[in-house]
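What follows is the residue order along each chain.
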Amino acid sequence: MTEACPEASQTGAPQPKASGAIVSPVILGGDIGAYSLARTFHEAYGVKPLVLSQANSHLCHDSSILENRVNPQLDNVDVLMQTLKDVAAEKEGETLMVLACGDWYVRLLVEHRAELEAAGYILPYISEELLNRLVLKDSFYEICEECGVPYPKTAVFDTQAPVGPETFGLTFPVVAKPASSAEYHYAQFPGKKKVFFFDTPAQLKEMLDNLCASSYKGKFLLQEFIPGDDTNMRILTTYNDRTGKMRFASFGQTVLEDPRPQAIGNPMAIISRECDEAVECARRLTEHVGYTGFANYDIKVNPETGKFVFFEVNTRLGRSNYYVTAAGDNTVRWIVEDLVEGREFPDEVQVARGRKSLYTVLPKSVLVEHVQDPALRAEVQQLFAEGHAKNPINYPAEKRLVRKLYPYYFEQKQKKSLREFYRSEEARKKAQAGEGADGAAAAADAAASPKGYVTVPPPEADAPEGGERR
């Protein structure tokens, strides 16, 4: 096995607390990812996490398994730090652990690690230096190259030294996305999306011109388009302990992604799968850099070749993290057993195997309606029939009537919003088809891609704070 690099001891991994200490989780966020983390802590330890959110939502605010405090200014570093210090003073004597449900939260935490650890917090995240290497996607691909991990052909556009699309050497269509999602979070410009799909250099140039006029000063990645629909996406979650060794991995296949621009790419349904080759790639990468904590990878399989590529890594548990717990492996137990109890783990990586489950935030009727592959549709129906479908927000431990009813309201809101989106998308395609040969070609391209270009706001609880994905 590949040995951890010499910097492994400097990744920021905290020393474990004394065994038997009380775990008091503090979660930053307000979306399904935040609620899922709170639920996993409640399931594992019966604790009632504190969730700090920027906006009020029924998902967290009406919950009885967590405490929700709302402060619209939590994206201000001074406000966030003071809030966390106040919480630490309030919970003096408890073992505090702070977890982030957004890339910008992770960055704020690691940049103020010393201050937060002095206040008594455990931070289950990597060092700032390693964070900078991994979250910048161009740097991440350099590491992939070093470790023999496959990644898509990529060109880098620098907003500080802009050049025309004709210099990139890519064949259209192309995919465009920010190298730094944390910095991109604050940028505003016409037509902003989390991920762009362009058929022509002119379309790409228009977006890049708008981008350069915004506050975003980082790099933008332009990538070859990997064919395939949502079902070709894969998700991999791994855990490396405080020594930098990978100890756990859970793999899944995306059944359906959110097509709406404000939440594009968020998995709405995931089936647990196995892929030892992808797990081994992640092991090589994480142990090469001395990674600690949870990592979440976006992977896509090319249906024409059967080969996969790694798109990116999130240095935290993803928004759809409950797919791991739904398959039988409670995520937060790994953090607590490692960093609170100081357990030693077996050398071999524990890979989630043999327990089929379906993570979904959609009602059965909507999910089945939009799964095109007959075999996959039959598998989805079977998992529902066998009781193996899990919606993270539908938690029997919730006691308040309004919260017990909320999942049903949420599902109906999802159903209505998605159908409105697809109707708008169909109208757009028809309009393009009526514009002549060019329009017909564009409509054909749009039909081949599940991604949309019209703005239909996602339901409140499904819209992550600040538009964070995964």
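Only a predicted model underlies this, so the values are computations on that prediction, with no experimental measurement involved. (Residues numbered from 1 in each chain as written. Predicted model: local features only at pLDDT ≥ 70, side-chain atom pairs only at ≥ 80, totals over all residues. Heavy atoms only, no water.)

Participant: How do you make sense of the overall build of the chain when you look at a structure like this?
Facilitator: Assigned secondary structure in the chain consists of 16 helices and 17 strands. Each of the 470 residues in the chain was classed as buried or not, and the buried ones make up 58%. Counting contacts in the chain only where the partners sit at least 6 residues apart, residues at least 24 apart contribute 73% of the total. (Helix = DSSP H or I, 4+ residues; strand = E, 2+ residues; numbered from the N terminus. Buried < 20%, exposed > 50% of the residue type's maximum accessible area, 1.4 Å probe, protein only. Contact = heavy atoms within 4.5 Å.)

Participant: Quick question: what am I supposed to make of the pairing of strand E6 (residues 154–158) here?
Facilitator: Along any regular strand, the residues point their side chains to alternate faces of the sheet. Alternating positions in E6 separate cleanly, Ala-155 and Phe-157 being buried on one face and Thr-154, Val-156 and Asp-158 remaining unburied on the opposite face. Where E6 lies against strand E9 (residues 219–224), five bridges are found, and the strand directions are antiparallel. Residue pairing for E9: Thr-154 is matched across the bridge by Gln-223. (Pairing = 2+ DSSP bridges.)

Participant: Explanation requested: the sheet that holds E9 in the structure shown.
Facilitator: The strands that make up a sheet pair up through hydrogen bonds in the backbone, lying either parallel or antiparallel. Sheet architecture is open: four strands sit in the order E6-E9-E7-E8, paired in antiparallel fashion. A single partner strand is all that each edge strand has here, and the edge strands are E6 and strand E8 (196–198). For this sheet, the mean inter-axis angle between neighbouring strands, taken without regard to orientation, is 25 degrees. Taken strand by strand, helix H7 (residues 137–147) contacts E6, strand E7 (174–178) and E9, and its axis lies near 50 degrees from that of E9. Against the sheet, helix H9 (residues 201–212) engages E6, E7, E8 and E9, with an angle of about 145 degrees to E8. (Axes fitted to C-alpha atoms, helices over the stretch in contact; angles between N-to-C directions.)

Participant: Would you mind showing me how to read the state of the cysteines here?
Facilitator: Linking two cysteines covalently via their sulfur atoms produces the bond known as a disulfide. Inspection of every chain in the model, using the stated rule, returns zero disulfides. The thiol sulfur of Cys-147 is not disulfide-bonded, and the nearest other cysteine sulfur, from Cys-144, lies at 7.3 Å. With no disulfide partner, Cys-275 has as its closest neighbouring cysteine sulfur the one in Cys-281, 8.1 Å distant. (Disulfide = S-S within 2.5 Å.)

Participant: Even after reading the chapter, I still don't get the pairing of strand E10 (residues 233–240), so can you show me in this structure?
Facilitator: Of all eight residues making up E10, eight are buried, and the element is well covered by its neighbours. On E10, burial covers both faces: Met-233, Ile-235, Thr-237 and Tyr-239 on one face and Arg-234, Leu-236, Thr-238 and Asn-240 on the other are all buried. In terms of strand pairing, E10 meets strand E13 (residues 293–301) through eight bridges, oriented antiparallel. By the bridge assignment for E13, Asn-240 is matched with Gly-293. Two strands pair when backbone bridges link them, and E10 and strand E11 (residues 246–257) are joined in this way by seven bridges, in the antiparallel orientation. The partner of Asn-240 across the bridge, within E11, is Met-246. Here E10 hands over to E11 after five residues, with Gly-244 in that stretch at a positive phi of 95 degrees.

Participant: Explain the environment of Lys-300 to me, please; I cannot follow it from the model alone.
Facilitator: Take Lys-300: it is sitting in strand E13. A relative accessible area of 9% means that Lys-300 is categorised as buried. In the structure, Lys-300 is positioned 46 residues away from Thr-254 in sequence and 9.7 Å away in space, judged by C-alpha atoms. Residues contacting Lys-300, with those up to four places away along its chain left out, are Ile-226, Pro-227, Gly-228, Asp-229, Asn-232, Met-233, Lys-307, Phe-308, Val-309 and Phe-311. One polar contact links the side chain of Lys-300 to the main-chain carbonyl oxygen of Ile-226, over a distance of 2.7 Å. Here the side chain of Lys-300 touches Gly-228 through a polar contact of 3.1 Å, landing on its backbone oxygen. (Polar contact = N/O pair within 3.5 Å; in protein donor to acceptor, adjacent residues only side chain to side chain.)

Participant: Can you walk me through the packing of helix H1 (residues 32–45) against helix H12 (residues 331–340) in this structure?
Facilitator: To characterise two packed helices, one gives the angle between the axes of the helices and the distance between these axes. Remark: H1 packs on H12, axes separated minimally by 8 Å, with the N-to-C direction vectors making an angle of 65 degrees. Classed by the angle they form, the pair H1 and H12 counts as roughly perpendicular. In this structure, H1 meets H12 at a crossing whose hand is right-handed. Only Thr-331, Val-332, Arg-333 and Val-336 of H12 make contact with H1, whose side of the interface consists of Leu-37, Thr-40, Phe-41, Ala-44 and Tyr-45. (Parallel < 35°, antiparallel > 145°, perpendicular 65-115°, else oblique. Left-handed = near helix turned anticlockwise from the far one by under 90°.)

Participant: So what exactly am I meant to see when it comes to the pattern of salt bridges here?
Facilitator: One side chain can pair with another of opposite charge once the charged atoms of both are near each other. In total, this model carries 29 salt bridges according to the counting rule given. Ionic pairing is found between Asp-138 and Lys-219, a salt bridge with its closest N-O pair at 3.4 Å. Remark: Lys-219 occurs in strand E9 and Asp-138 occurs in helix H7; sequence separation between them is 81 residues. For Lys-219, a relative accessible area of 34% puts it in the partly exposed group. (Salt bridge = Lys/Arg side-chain N within 4 Å of Asp/Glu carboxyl O.)

Participant: How should I be thinking about the environment of Ser-139 in this particular structure?
Facilitator: The topology assignment puts Ser-139 in helix H7. Judged by relative accessible area, which is 16%, Ser-139 ranks as buried. When the C-alpha positions of Ser-139 and Ala-179 are compared, they lie 8.9 Å apart, and in sequence the two are 40 residues distant. Polar side-chain contacts of Ser-139 include one of 2.7 Å to the backbone oxygen of Arg-133.

Participant: Would you mind showing me how to read helix H14 (residues 374–385) here?
Facilitator: An α-helix turns once every 3.6 residues. As a result, residues three or four positions apart point the same way. Compared with an ideal rise of 1.5 Å per residue, which puts twelve residues at 16 Å, H14 spans 16 Å between its outermost C-alpha atoms and is within 8% of the ideal. Those residues of H14 that fall on the buried side of the exposure criterion are Leu-376, Glu-379, Val-380 and Leu-383. Considered in projection along H14, the buried side chains sweep an arc of 100 degrees and stay on one side of the axis. Every exposed residue of H14 that faces more than 90 degrees away from the buried side is listed here: Pro-374 and Ala-385. In this structure, the buried residues of H14 make contact with E11, strand E12 (267–273), strand E16 (358–360), helix H13 (364–370) and strand E17 (389–390). Between the side-chain oxygen of the N-cap and the backbone nitrogen of Ala-375 there are 3.3 Å, and the N-cap of H14 in question is Asp-373. Downstream of H14 by a residue or two, Gly-387 has a phi angle that is positive, lying close to 80 degrees. (Expected span 1.5 Å × (residues − 1). Arc of directions from axis to C-beta.)

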